[in-house]
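# Structure at a glance
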Amino acid sequence: QVQLVESGGGLVQAGGSLRLSCAASGSIFSINAMGWYRQAPGKQRELVAAITSGGSTNYADSVKGRFTISRDNAKNTVYLQMNSLKPEDTAVYYCNAERGLLPDSWGQGTQVTVSS
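What counts, and where the lines are drawn
- Residues numbered from 1 in each chain as written.
- Predicted model: local features only at pLDDT ≥ 70, side-chain atom pairs only at ≥ 80, totals over all residues.
- Heavy atoms only, no water.
- Disulfide = S-S within 2.5 Å.
- Helix = DSSP H or I, 4+ residues; strand = E, 2+ residues; numbered from the N terminus.
- Buried < 20%, exposed > 50% of the residue type's maximum accessible area, 1.4 Å probe, protein only.
- Pairing = 2+ DSSP bridges.
- Axes fitted to C-alpha atoms, helices over the stretch in contact; angles between N-to-C directions.

### Digging into the state of the cysteines
What makes a disulfide is a covalent bond joining the sulfur atoms belonging to two cysteines. According to the stated counting rule, one finds one disulfide in the structure shown. The residue that forms a disulfide with Cys-22 is Cys-95, at a sulfur-sulfur distance of 2.0 Å. Judged by the sign of its S-S torsion, about -85°, the cystine formed by Cys-22 and Cys-95 is left-handed. With a gap of 73 residues between them, Cys-22 in strand S3 (residues 18-26) and Cys-95 in strand S9 (residues 91-99) connect regions that are remote in the sequence. Judged on exposure class, the residue Cys-22 and its partner Cys-95 are both buried.

As structure tokens, this is what we get:
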């Protein structure tokens, strides 16, 4: 089992910044990659950014150049630095741990609201 605890969401004005954190515990060795997803009201959950155990990253086109995903292996923590936030970034953000053949683990979600 892998437990994920997110923090860092909140309310920010358009153009502002937030940093989300996701601390992992439990069977850390089983994690291949970690990522951030988001789900806005009435929309499907979508991948925002992901980072592999080797450090490779990928981003949704809508956040490229504005968001940065990083990880601190010593702290078993993944971060999502979000700059130049837009109202359309408003969503619940979820941390995900991809574990190969094992079921993915998900955090409880953290609300990000960007006001115009």
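### A few points about the sheet that holds S3
With antiparallel pairing, the four strands of this open sheet are ordered in space as S1-S3-S8-S7. Because the sheet does not close on itself, it has two edges, and the strands there are strand S1 (2-7) and strand S7 (67-72). Taking the axes of each pair of neighbouring strands and ignoring which way they run, one obtains an average angle of 15° across the sheet. Inspection of the sheet shows S1 paired to S3 by six bridges, in the antiparallel sense. Paired with Val-5 across the strands is Ala-23, a residue of S3.

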